[in-house]
Amino acid sequence: MTEPTPPTPDAPMRDVAALRRNIASRKRADKSFFISGALIIFVSLGILAVLFGNLLSEGWPALTQTYYTKADKSGFGRDDLGGEITRVGDGWTVQIPLATLSDIKDSDVSKGLVGKKVGIVGRLRGGAIPQIIVREIGLADQIAAADITGTLERTQTPPAKPGDEAEVVYNILPGPLAVNVDKIPAEEKSALVSGTPVAFKMDDRVKEGRFTARSVSPLITKNFFTSFPSRNPGEAGILSAWVGTLLVMLVTMLAAIPLGAAAGIYLEEYAPKNRLTSIIEINIANLAGVPSIIWGLMALGLFVYTLALGRSVLTAGLTLGLLVLPIVIIATREAIRSIPNTIREASIGLGATKWQTIRYHILPYSMPGILTGSIIAMSRAIGETAPLVTIGALTFIAFLPRSPIPPIQREISVEQQSTYDLAVAKDPSTPPPQPQLHFTGGEWLTSEFTVMPIQLFQWVSRPQLEFHQNAAATGVVLLAMTLTLNGLAIFLRFRLRRNLKW
Amino acid sequence: MTATATPGNLKFTATPPTEVLGPVKARVKDFSFHYANGFQALKSINLSVAENQVTALIGPSGCGKSTLLRSFNRMHDLYARNRYHGEIILSPENINLVGPELDPIEIRMRVSMVFQKPNPFPKSIFENVAFGLRVRGERNKAYVNQRVEESLRGAALWDEVKDRLDQSGLALSGGQQQRLCIARALATDPEILLFDEPTAALDPISTTKVEDLVVELKKTVTIVIVTHNMQQAARVADYTAFMYLGELIEFDVTNKLFTTPTNPMTEQYLTGRFG
Ligand SMILES: Nc1ncnc2c1ncn2[C@@H]1O[C@H](COP(=O)(O)OP(=O)(O)OP(=O)(O)O)[C@@H](O)[C@H]1O
Ligand SMILES: [Mg+2]
């Protein structure tokens, strides 16, 4: 032990001021990075908010609104309702006077509807002479975008002279309708002053001298999902698109998840760590970055031409499956890598085989990661357009593929019948064949299809504004689907990982 | 056999291993081990593991204790290109544990291991213990239930967990988790039980419990234990092997090794002058 030495008087003084200057200058760098970083984040968030806001404000009305046309007096058709547009605050409303519906028969049914909210449906259907059917709203799913709704009123004028029949008139009293005039061209908007006569067109033809805008109409949302695409933007819906998306995603899921998980497990648990494996590993990461249209080209060559699978749901599902396979593989591998080696050693150490270790430990513990990755992959696939256009997805489909849930039928097959025919010819006492079970569930796979993003693209490429709003609405639905999937992924991640902490 | 190990400026010679008194369970013969990167972690080890006795492996960090222990149940096979040389002969059949002809799965069913860090599966306490039986296809529920209870009793854990067997094994305290791992290793009724610093992550009370357990368990099973704690080796082990830089320096009855080591290097280590 040495004695502590007394301080030397000429020991150099530490320059505290310089120290502080040094700190201040380093902190300045800190601060400027913080400010620029925060700025970038806020600007990006702002841009994002504007983009989403735009999409929502464009798309939301399409889910809830229908069309009306401004009409010159002469333009009123038999089925049109005239009204006056009025400015109310920032918006516009149209007050429609009584519409006389003399075609309605004075029956018990009609009387029963008096005072109820009703809709007139079927005006666009039925060919040259429009057919008018009044239904009670709520009972009537058939109320379509372009239909009129309001309260039914019955007036009975006493007969002019005794002996004549009383004249019965049914009126529909629509409520005032809020009108969104944002889409009206500026020069026409200036002419749009209170009192401008407008008409609700029941016709899809947009005549010259009219412009179209939207009015709030009470119940339409459901129709958007239950209608096929149509030449009439007010009637057009995304039925074939969302069904197509669902079916294609089903195939994609069935192809990508088992394959991707198996590949990931093989690479992590079985593959020898050699040069070939590392080349494969690098290329899986590369594959994830291949432009999706290239996948479309490859699929066109492989599935459509070589394997002759057609431009079908199956081809589309497999193409998207291949496209997202790398994502599933990478997610699986990451999930597996996060399992500590001590778990493998514990399992192997108890005499488990490699497969038992995978089956009882690796797979269950990596399941949250695999599922999360798979859902992310699905939400990527759901929005893919380019590869599907390349393999020839149709843009206008007014039919649905057959249901993928196998309808099980009992029927006598052609072979059974012909065997029976032969046998009966020889021996008339042969018992008739028994009907056998047949699964006819595979047809949807070979069906033609369209999907949401393609429907969206098709509408956007049309000149009419109404279609653009339909496109935006499709965008909203697609976005909602994707966000739901991502939400599910986040939920699963938290939920399933809760009891897996090493 | 000469050792080239030279701590500081001392040069010592390894003492030839002493034979054990009773029956031998496993005999390590000229055993060397190379890791995948070519590093030789064990150099020509000769050692006898006495049946139903506790054999402790001590020595400074990195001397190869874990490497030797993990050779007993072929844990090194999990990682490619690790190489064994020499033999570890298991009685009574006189089979070579590290021979390529022997299925490592058979060895692991006969030689169980408890690791330094408690590593229960993120499953229920019951399933943790039953796993070894499950993998061999045991379907008899009554038997599995009975073995789980016996093993948990054997690991002195039964009273603490008997009411919550369906709870996650991860919900137990560190000491309980380690005893759960011991129960898991006992469930398959192994012939040899390997412990790699089983109390390194435990508090003194849990440590005492595990130590008592080790002494209790040797009635039914042969035990090899790696420890850094000299007092622990003195308390639980019948035989102790001192290793240094991949070599076995001295092996003897614990009492003798601790009181009158023949090799000066052992003495230096025991008195805390290196390691
Ligand atoms: N996977 C490996 N690859 C290459 N060398 C290794 C590997 N594992 C251990 N080694 C080396 O082998 C030697 C012995 O390691 P081992 O783990 O057996 O030491 P130990 O005696 O158990 O030490 P500790 O008391 O710190 O656990 C060390 O020098 C170590 O660096
Ligand atoms: Mg060790």
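The model shown is predicted, which means the values in this text are computed figures rather than measured ones.

Asker: Can you help me understand the overall build of chain B in this one?
Answerer: Summing up its helical and strand segments, chain B has 10 helices and 10 strands in all. Taken over the C-alpha trace, chain B has a radius of gyration of 19 Å; the compact-globule value for 275 residues is 19 Å, and the two agree within 12%. In chain B, buried positions account for 56% of the 275 residues. Placing the 30 positive and 30 negative side-chain charges of chain B at their respective mean positions leaves the two points 4 Å apart.

Asker: What is the right way to look at the nonpolar core in this model?
Answerer: Side chains that are nonpolar tend, in soluble globular proteins, to be buried together. Formed by 46 residues in total, the largest nonpolar core has its most connected members in Leu-152, Ile-182, Phe-195, Leu-217 and Ile-223 of chain B. For Leu-217 of chain B, the residues in contact, after removing those within four places along its chain, are Gly-154, Ile-182, Leu-186, Leu-193, Phe-195 and Ile-223 of chain B. Listed in part, the 40 residues of the second largest apolar core include Ala-316, Val-328, Val-477 and Leu-478 of chain A.

Asker: Got a minute to help me understand the interface of chain B and chain A in this structure?
Answerer: Many authors give the size of an interface as the accessible area that is lost as the parts come together. Between chain B and chain A, the contact holds 23 residues from the first and 21 residues from the second. Interface of chain B and chain A: buried area, both sides summed, is about 1,900 Å²; carbon and sulfur atoms make up 64% of it. If you sort the residues of chain B by the area they bury against chain A, Pro-122, Phe-131 and Val-135 of chain B come out on top, with a joint share of 26%. Summed over the shared surface of chain B and chain A, the number is one salt bridge. Where chain B touches chain A, the interface holds six residue pairs in polar contact (both at pLDDT 80 or more). Residues of the side of chain B that touches chain A, tallied by class, amount to 14 nonpolar, three polar and six charged.

Asker: Mind showing me how you'd approach the packing of aromatic side chains here?
Answerer: A ring pair, where both rings are aromatic, is described by two values, the distance of the centres and the angle of the planes. All chains considered together, the criterion is met by eight aromatic pairs over all chains. Ring plane angle 20 degrees and centroid distance 5.8 Å describe the contact between Tyr-239 of chain B and Phe-251 of chain B, whose orientation is recorded as stacked. Here Tyr-239 of chain B is found in strand S9 (residues 239-244), whereas its partner Phe-251 of chain B is found in strand S10 (residues 247-253), with 12 residues between them in sequence. Judged by its relative accessible area of 5%, Tyr-239 of chain B is buried. Owing to a relative accessible area of 1%, Phe-251 of chain B belongs among the buried residues under this scheme. The rings of Phe-31, Phe-33, Tyr-35 and Tyr-84 of chain B are connected pair by pair, giving a single aromatic cluster. Its end group placed over the ring of Tyr-270 of chain A, Lys-354 of chain A keeps NZ or CZ at 5.3 Å from the ring centre. Its end group placed over the ring of Phe-121 of chain B, Arg-184 of chain B keeps NZ or CZ at 4.5 Å from the ring centre.

Asker: Help me understand the site of ligand 1, please; the structure alone is not making it clear to me.
Answerer: All names here are of chain B. Lining the immediate surroundings of ligand 1 are 13 residues, of which Ser-61, Lys-65, Ser-66, Thr-67 and His-228 lie closest. Take Ser-66: an N or O atom from its side chain is 2.6 Å from an oxygen atom of ligand 1. Between His-228 and ligand 1, the recorded distance is 2.5 Å, taken from a side-chain N or O atom to an oxygen atom. In isolation ligand 1 offers 630 Å² of accessible surface; the protein chains occlude 64% of this area. With three residues, helix H1 (residues 65-72) is the largest single contributor of residues to the shell around ligand 1. Of the residues in the shell around ligand 1, the class split is four nonpolar, seven polar and two charged.

Asker: I'm lost on the sheet that holds strand S1 (residues 24-34) of chain B in this one. Help?
Answerer: Two strands in a sheet stick together by hydrogen bonds in their backbones, pointing the same way (parallel) or opposite ways (antiparallel). All names here are of chain B. The strand order across the open sheet formed by four strands is S2-S1-S4-S5, and the pairing between neighbours is antiparallel. Since the sheet does not close on itself, it has two edges, and those belong to strand S2 (40-50) and strand S5 (95-96), each with one partner. Judged from the seven bridges that link them, S1 and strand S4 (residues 83-90) form a sheet pairing that is antiparallel. Bridging across to S4, Ala-26 finds its partner in Leu-90. Together, S1, S2 and S4 form the strand contacts of H1, whose direction differs from that of S2 by roughly 60 degrees.

Thresholds, definitions, all that
- Residues numbered from 1 in each chain as written.
- Chains lettered and ligands numbered in written order.
- Predicted model: local features only at pLDDT ≥ 70, side-chain atom pairs only at ≥ 80, totals over all residues.
- Heavy atoms only, no water.
- Helix = DSSP H or I, 4+ residues; strand = E, 2+ residues; numbered from the N terminus.
- Rg over C-alpha atoms; globule rule 2.2 N^0.38 Å.
- Buried < 20%, exposed > 50% of the residue type's maximum accessible area, 1.4 Å probe, protein only.
- Lys, Arg positive; Asp, Glu negative; His and termini not counted.
- Charge placed at Lys NZ, Arg CZ, Asp CG, Glu CD.
- Core = buried A, V, L, I, M, F, W, Y, C linked by side-chain atoms within 4.5 Å.
- Contact = heavy atoms within 4.5 Å.
- Buried area = accessible area lost by both parts, 1.4 Å probe.
- Salt bridge = Lys/Arg side-chain N within 4 Å of Asp/Glu carboxyl O.
- Polar contact = N/O pair within 3.5 Å; in protein donor to acceptor, adjacent residues only side chain to side chain.
- Nonpolar A, V, L, I, M, F, W, Y, C, P; charged D, E, K, R; others polar.
- Phe/Tyr/Trp six-rings, centres within 6.5 Å; stacked < 30°, edge-to-face > 60°.
- Lys NZ or Arg CZ within 6 Å of the ring centre and 35° of its normal.
- Near = heavy atom within 4 Å.
- Areas by Shrake-Rupley, 256 points an atom, 1.4 Å probe, with all protein chains shown as cover.
- Pairing = 2+ DSSP bridges.
- Axes fitted to C-alpha atoms, helices over the stretch in contact; angles between N-to-C directions.

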